[in-house]
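Geometric and topological summary
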Amino acid sequence: MPRQRIHHGGSVYVFPEDFPERLRRFQRESGLSWAELSRRLGADPETVRRWRDKGVHPSTRHYAALLRLAEALGLGHLFRG
């Protein structure tokens, strides 16, 4: 399955094929609880659960927030190509 590309405001976000695993690794390495991660991303905890367990991709807004948070915590490498 090819990677999904989202175009928004001149930026292109590419979702890694293994996004759910990267999200789990980010949560472990960041030390944030799933509830705190949801809060920081401005997403409902159930929505984050679907990203993690069902392979649903986050919206562009949530993915951008996740990338900003990952960079701020020094974990941006987890979501780069």
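Summary of the structure given here. Since we're looking at a predicted model, the values are computed, not measured.

So, how was this worked out
- For every chain, the first residue of its written sequence is number 1, and the numbers climb from 1 along that sequence.
- Thresholds applied to this predicted model are a pLDDT of at least 70 for local features of residues and 80 or more for the giving and counting of side-chain atom pairs; totals over whole chains, interfaces and linings are not thresholded and use all residues.
- Hydrogens and water molecules were not included; the side-chain quantities draw on all heavy atoms of the structure.
- For helices the rule is a DSSP run of H or I covering at least 4 residues; for strands it is a run of E covering at least 2, with both sets numbered from the N terminus onward.
- Remark: exposure states derive from per-residue accessible area (1.4 Å probe, protein chains only) relative to the maximum for the residue type, with buried under 20%, exposed over 50%, and partly exposed in between.
- By definition in these notes, contact holds between two residues if any of their heavy atoms fall within 4.5 Å.
- Axis lines are fitted to C-alpha atoms, over the contacting stretch for helices. Their N-to-C directions set the angle, which ranges from 0 to 180 degrees.
- With respect to orientation, any angle under 35 degrees is reported as roughly parallel, any angle over 145 as roughly antiparallel, any angle of 65 to 115 as roughly perpendicular, and every other angle as oblique.
- Each residue is assigned to one of three groups, with Ala, Val, Leu, Ile, Met, Phe, Trp, Tyr, Cys and Pro labelled nonpolar, Asp, Glu, Lys and Arg labelled charged, and all others, Gly among them, labelled polar.
- Each salt bridge in this description consists of a side-chain nitrogen of Lys or Arg and a carboxyl oxygen of Asp or Glu lying within 4 Å of one another.
- Any two rings among Phe, Tyr and Trp, with Trp reduced to its six-membered ring, count as a pair given centres within 6.5 Å; such a pair is stacked if its planes are under 30 degrees apart, edge-to-face if over 60, and tilted if neither.
- The definition of a polar contact used here is a pair of N or O atoms within 3.5 Å, where within protein one atom must be able to donate a hydrogen and the other to accept one, and adjacent residues in sequence count solely through side-chain atom pairs.

In terms of helices and strands, the protein chain carries four helices and two strands. In the protein chain, which comprises 81 residues, the share counted as buried stands at 41%. Relative to all contacts within the protein chain whose residues are 6 or more apart in sequence, the contacts with residues 24 or more apart total 55%.

Okay, the packing of helix α1 (residues 19–30) against helix α3 (residues 45–53) next. It is at 7 Å that the axes of α1 and α3 come closest, and there the two elements cross at 120°. Viewed along their axes, α1 and α3 adopt a mutual orientation that is oblique. For the pair formed by α1 and α3, the contact residues are F19, P20, L23 and R24 on the first element and V48, W51, R52 and D53 on the second. Grouping the constituent residues of the contact of α1 with α3 by class yields five nonpolar, no polar and three charged.

Moving on to the pattern of salt bridges. Using the criterion set out here, one finds 10 salt bridges in the structure. Here D18 makes a salt bridge to R22, at a shortest N to O gap of 2.6 Å. Its relative accessible area of 37% is what places D18 among the partly exposed residues. Residue classification places R22 among the buried residues on the basis of a relative accessible area of 17%. In this structure, R40 and E36 form a salt bridge, with 2.9 Å as the shortest nitrogen-oxygen distance.

On to the packing of aromatic side chains. The tally for this structure, following the rule as stated, stands at three aromatic pairs. Aromatic side chains F19 and F79 sit 6.0 Å apart centroid to centroid with 40° between the ring planes, which places their arrangement in the tilted category. Within this pair, whereas F19 is found in helix α1, its partner F79 is found in the segment after α4 (60–72), the two being separated by 60 residues in sequence. The burial state of F19 is the same as that of F79; both residues are buried. A network of ring pairs unites the aromatic residues F19, F26, Y63 and F79 as a single cluster.

All right, on to the side chain of S38 then. With respect to the secondary-structure elements, S38 resides in helix α2 (residues 34–41). Separated by 2.9 Å, the side chain of S38 and the backbone oxygen of W34 make a polar contact. Ignoring sequence-local partners within four residues, the contact set of S38 consists of A43, D44, P45 and V48.

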